[in-house]
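# Structure at a glance
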Amino acid sequence: MQNLTRLFNKIKFLWIKSQFPSRNPIKINKFDKFSIFIICLLISIISSYELASDPLINLKLILPLILNFCEILICCGILIYISKKENPMINSRQIFLIIGLLLLVQIVKIKFSAISPLAMIVPPALIISQGMGTVTALSWVSIACIYWPNSVDSNNEYILVITFISSAIVSILGGKIRSRAQLLQISFLVPFGAFLSQLFLFGNNQRDSYVFNFQNLILKPGDIFSDSFLLAMLMLMVIIFMPILESIFGLLTKARLLELADQEKPLLRRLSIEAPGTFEHTLLLCGLAEEATRMIGGDVDLIKTGALYHDIGKLHAPNWFIENQNGLKNPHDELDNPLESAKILQDHVDKGLQIARKYRLPKPIADFIPEHQGTLKMGYFLFKAKERDSNVLEKNFKYSGPIPQSKETAILMLADGCEAALRAMNINASDKEALMIISNLINSRLIDGQLSDSNLSKGEIYLIKISFLNVWKRIRHRRIQYPTTKNNTFS
Ligand SMILES: [Fe+2]
Ligand SMILES: [Fe+2]
C-alpha cells in the first residue's frame with residue numbers, strides 16, 4: 001500500500017512538473033475569450049454545412065451532424081491548448097490569427113468549392129510555423145486537412161495527402177528557418193515538389209483542354225500547374241507581408257530576431273557609442289549566454305538578441321555605471337546617498353523598458369530587461385546604507401523584478417553575474433578555481449529564489465556552469481601573451 005502511495009505521489013510530482021509553466025501566461029480578457037469561442041462555433045457550423053445542407057436530411061443524419069459539430073469544436077479547443085503549451089506567452093491576437101486562418105480556410109472552401117487545398121492550407125502553415133512554432137503549425141495543418149470537404153473531385157484524397165506532406169514540410173522548416181532567403185527557397189521548392197508529385201500521380205490528363213494564358217495560370221482550379229503556381233504566388237505574398245503580420249500580431253520570427261541582433265541597428269549603435277563599456281559587457285555576455293543556451297537546448301537566437309538589449313536602460317545615464325567610467329570619478333561617490341544610487345540602478349530597468357517600448361522591441365526581448373535583474377539585492381549600496389542606519393529597509397535596495405520567467409532569461413541573469421567575475425579573474429587561475437567562482441555565484445542566485453520560476457533543472461544548472469567555464473577557458477586562451485621574436489616576423 002505504501003509503495004502504491006509512493007508511486008502515486010511520484011506520478012503526481014512528475015505531472016505537476018510537466019505542467020509547470022515556463023512563463024506566466026498572458027491573461028486573456030473575457031471579451032476576447034468570448035470572441036474566440038464565437039469564431040470556433042462559426043468554424044464548427046461551416047464545417048458541418050455539407051451535412052446540414054443535405055436535401056434528404058432526416059433524423060438519422062442529426063446525430064452525425066451533432067457529433068461532427070462537437071468534434072470540430074473540441075479540435076479547435078485542442079489547437080488553442082497546443083498553441084498555448086508551445087507559446088506560454090501567446091496573446092489573444094495570436095490566437096485570433098490561428099483560429100481566424102482556420103475560419104478563412106472554411107469560408108473559402110465553401111465559396112470556391114473547386115479550389116485546391118494546397119493553395120489554402122500550405123501558406124497559413126508557413127505563417128503559423130514562423131510565428132508560433134512547428135507543433136502549433138502541424139496541429140493546425142492536421143485539423144485543416146481533416147475537415148477539408150470530401151467532394152472536390154476524384155483525386156481529392158491524393159491532393160489532400162500531398163497537401164498534408166507539403167504543409168508538414170513547411171511547418172517543420174518554417175519553425176527553423178533563420179533568413180528570408182531560405183524562406184524564398186522553400187516558396188519555390190515546395191510548390192515545385194507538389195507539382196511533380198501530382199504529375200506522377202495523375203499525369204497531365206487534367207490539362208487536355210488547357211490554353212496557356214495568365215488567367216488560366218491562377219484561375220483554373222483543379223489543374224496541377226495552375227494550383228502549384230497559385231501556391232507559389234501565395235507563399236511569396238506571405239513572405240512579402242510577413243513583416244506586417246509580425247507587427248500586427250506581435251509575432252517573433254527567427255528572421256525578425258536576426259534582424260534585431262544586427263549590431264548596426266540604431267539602438268545598438270547608440271549603446272556602442274554612448275556606453276562603450278556596457279556594449280563590451282553585452283558582447284561578452286552574449287558569448288556566455290549563447291554557449292549555455294546551446295548546451296541545454298534552449299532558443300539561442302532569442303537569448304542572443306535579448307542579451308544585446310538587456311542593459312539598454314543604461315543609456316539614460318551611462319557614466320553612473322562602473323564599466324563606462326573609464327577610470328574617471330565615480331558620480332555615486334559625489335552623490336554620497338546610497339538610496340539615491342539604488343534608484344539610479346533601478347532606473348536602468350525602468351528606463352530600459354521605456355526605450356524598448358519606444359523602439360517597438362517585441363515583448364519576449366523586452367522581458368530580458370527586468371528579468372535579468374530579477375529581485376536581486378543591490379549589495380554594495382545596501383551595505384553602505386546599513387553602515388549609516390542598521391534599520392534600513394532592504395526592499396528599497398532590491399530590483400523590482402519579476403524574477404526570470406523562462407530558461408533563457410534565467411541564463412542571462414546567471415551570465416550577467418558571472419561575466420564581471422570571470423573577466424576580473426587572474427589568467428593563471430586554475431579551472432577548478434574558476435568553476436568554484438561560477439558555482440558560488442549561481443548557487444547564491446538559486447538560494448535567493450531567483451531561479452524558482454525559470455523551470456531550470458539541476459542537470460541544466462550543472463551544464464550552464466560547465467559552459468561558462470568553457471567560455472572562460474577560451475577568454476583566458478586569448479589573453480595569454482605569446483612570446484614575440486625580436487623583429488616580430490613569425491605569424
Ligand atoms: Fe543590468
Ligand atoms: Fe548586464
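Residues numbered from 1 in each chain as written. Chains lettered and ligands numbered in written order. Predicted model: local features only at pLDDT ≥ 70, side-chain atom pairs only at ≥ 80, totals over all residues.

### So, the overall build of the chain
Put simply, the test is: Numbering of helices and strands starts at the N terminus; helices are DSSP runs of H or I of at least 4 residues and strands are runs of E of at least 2. Note on burial: count the other C-beta atoms lying within 10 Å of the residue's C-beta; 20 or more is buried, 12 or fewer is exposed, in between is partly exposed, and C-beta positions come from the backbone. Contacts are defined on C-beta atoms placed from the backbone: any two residues whose C-beta positions lie within 7 Å are in contact.
Each helix and strand counted, the chain has 23 helices and zero strands in total. Of all 491 residues assigned to the chain, the portion counted as buried reaches 36%. At a minimum sequence separation of 6, the contacts of the chain that also span at least 24 residues come to 76%.

### Points about the nonpolar core
Our working rule: Put simply, a nonpolar core is buried Ala, Val, Leu, Ile, Met, Phe, Trp, Tyr and Cys residues tied into one set by C-beta atoms within 7 Å.
By size, the foremost hydrophobic cluster in this structure holds 49 residues, and its most contacted members are Val-122, Ala-125, Trp-140 and Ala-144. Put simply, the parts of the chain that give this core at least two residues each are helix 2 (30-47), helix 4 (59-86), helix 5 (92-111), helix 6 (117-132), helix 7 (134-146), helix 8 (156-174), helix 9 (180-202) and helix 11 (224-249). Of the residues forming this core, the biggest block, ten residues, is contributed by helix 6. In this structure, Trp-140 is in contact with Leu-79, Ile-98, Leu-102, Pro-124, Ala-125 and Ile-128, ignoring residues within four places of it in sequence.

### Describing helix 14 (residues 276-296)
Threshold: To estimate how far a helix should reach, multiply one less than its number of residues by 1.5 Å.
Relative to the 30 Å expected for 21 residues at 1.5 Å per residue, helix 14 spans 30 Å between its end C-alpha atoms, a close match to the ideal helical length. All buried positions along helix 14 are accounted for by Thr-278, Phe-279, His-281, Thr-282, Leu-285, Cys-286, Leu-288, Ala-289, Glu-290, Glu-291, Ala-292 and Thr-293. Among the residues trailing helix 14, Gly-297 stands out with phi positive, at a value near 75°.

### A short note on helix 7
With 13 residues, helix 7 extends 18 Å from end C-alpha to end C-alpha; this agrees with the ideal 18 Å at 1.5 Å per step. Listed as buried for helix 7 are Thr-134, Thr-136, Ala-137, Leu-138, Ser-139, Trp-140, Val-141, Ile-143 and Ala-144.

### Thoughts on unusual backbone geometry
Here the residue pair Gly-401 and Pro-402 is connected by a cis peptide bond, since its omega of 5° sits within 30 degrees of zero. Here Pro-402 is to be found in the loop between helix 20 (379-388) and helix 21 (407-424). The backbone of Arg-360 sits at a positive phi, close to 50°, despite the residue not being glycine. Structurally, the position occupied by Arg-360 is in the loop between helix 17 (338-358) and helix 18 (363-366). Its 8 C-beta neighbours within 10 Å are what place Arg-360 among the exposed residues. For Asn-455, which is not glycine, the phi dihedral falls at a positive 70°. Along the chain, the position of Asn-455 falls in the loop between helix 22 (431-447) and helix 23 (458-479).

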